[in-house]
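So the chains spell out like this:
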Amino acid sequence: MPDCLRIGVLGAARITPMALLRPARQVPEATIIAVAARDPQRAQAFARKHGIARVHPSYGALLDDAEIDAVYNPLPNSLHCEWTIRALEAGKHVLCEKPMAANAREAERMAAAARQSGRVLIEAFHWRYHPLAARMKTILDSGELGTIRHIEAHFCIPLLKPGDIRYNLALAGGATMDVGCYAISIVRFLAGAEPEVVRAAARLSSPNVDRSMEATFGFADGRTGHMSCALLSPVLLRARARVRGDRGELSVLNPIAPQFFHRLTVRTDAGRRSERVRGDASYVCQLRAFVAAVRSGTPVPTGPDDALANMRVIDAVYAKAGLQPRGQC
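The rules behind these values
Residues numbered from 1 in each chain as written. Predicted model: local features only at pLDDT ≥ 70, side-chain atom pairs only at ≥ 80, totals over all residues. Heavy atoms only, no water. Helix = DSSP H or I, 4+ residues; strand = E, 2+ residues; numbered from the N terminus. Buried < 20%, exposed > 50% of the residue type's maximum accessible area, 1.4 Å probe, protein only. Lys, Arg positive; Asp, Glu negative; His and termini not counted. Charge placed at Lys NZ, Arg CZ, Asp CG, Glu CD. Pairing = 2+ DSSP bridges. Axes fitted to C-alpha atoms, helices over the stretch in contact; angles between N-to-C directions. Contact = heavy atoms within 4.5 Å.

Draft legend 1. The arrangement of the overall build of the protein chain in detail. Within the protein chain, the regular secondary structure consists of 9 helices and 14 strands. Dimensions along the principal axes, computed over C-alpha positions, put the protein chain at roughly 60 × 45 × 35 Å. Looking at the protein chain as a whole, 57% of its 329 residues are labelled buried. In the protein chain, 43 side chains carry a positive charge and 31 a negative one; their mean positions are 5 Å apart.

Structure follows, in structure tokens:
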């Protein structure tokens, strides 16, 4: 179609088929036309497997392709800043995997580049685009739970491969970067405010690389918050959000990828109820929003300002735990 958003992919990351390629089959306004990888042979194999017509010999060559309107950046965290800025400066819109940067300083540079280029930059927190996120917020805003006292989120997964890039400090790895960024995003979203990090404690897989993290938050109005995350912990798999008010409690199982399974439960003096919120896969919803932002200027909830705010909390969690923020480009 004439107005189809033509997208190029930086790298051949494992997340790309689920996060972009399969969703594009359900979003006719978007098409994937090119890929480039650090290893050209890997890019060729990736393109053959997924039916991508064009393979560029380098990331830079892909950005020079005048037929590409937008770029998906699923590169390691340490490369998000450099290649997102280069894409923006090349006139491309960017959907950048979370976390958007390695630290808040990088996120500031990326936000500035988006403003200066006049291009759309979205952090790929796909969960925010599923109708479940809006339903959670509607329940909180309705007053059904009374005055909100406490908000928490947890995301723990089993990542048993020691050599995985998510354990690599040079690539801006760590549990807080990979899964903790989701939990922090959920707490911030449900609170509708930015937290202060009161305390944080990490368990390490190697020097300065957290395999798990817990953090306690405080808000200016007296509410409290908490997050836990892990790539390797006694909790094998945990994805949950909970909000406690003085008249009830909201609990959500799997707010992160609700298309696979989720359950929203509300408990108040009036009783208990459970809901499931219908909607397309979160990645499909996200791609539609990206296209709408590019084509129509439709506002998005995970633009550069939100990404910067999330990175500031991530940096503060690391600092409170006695660890260094991740590196910078």
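Draft legend 2. Up close: the pairing of strand E12 (residues 248-253). The element E12 is extensively covered by neighbouring structure, given that 5 of its 6 residues are classed as buried. When strand E11 (residues 238-245) meets E12, the two strands line up antiparallel, connected through 5 bridges. Note on E12: the bridge partner recorded for Val 243 is Leu 250. Hairpin connection from E11 to E12: 2 residues lie between these consecutive antiparallel strands. Relative to strand E13 (residues 263-268), E12 is paired through 6 bridges, and the arrangement is antiparallel.

Draft legend 3. The sheet that holds strand E1 (residues 5-10), seen in detail. In space, the 6 strands of this open sheet follow the order E3-E2-E1-E4-E5-E6, with parallel pairing throughout. Two strands lie at the open edges of the sheet, namely strand E3 (54-56) and strand E6 (121-123), each paired on one side alone. Averaged over all pairs of adjacent strands, the angle between strand axes in this sheet comes to 25°, irrespective of strand direction. Bridge analysis of E1 against strand E2 (residues 30-36) gives 6 bridges, and the strand direction is parallel. By the bridge assignment for E2, Val 9 is matched with Val 35. Contacts from helix H1 (residues 16-24) reach E1, E2 and strand E4 (70-73) within the one sheet, and its direction differs from that of E2 by about 140°.

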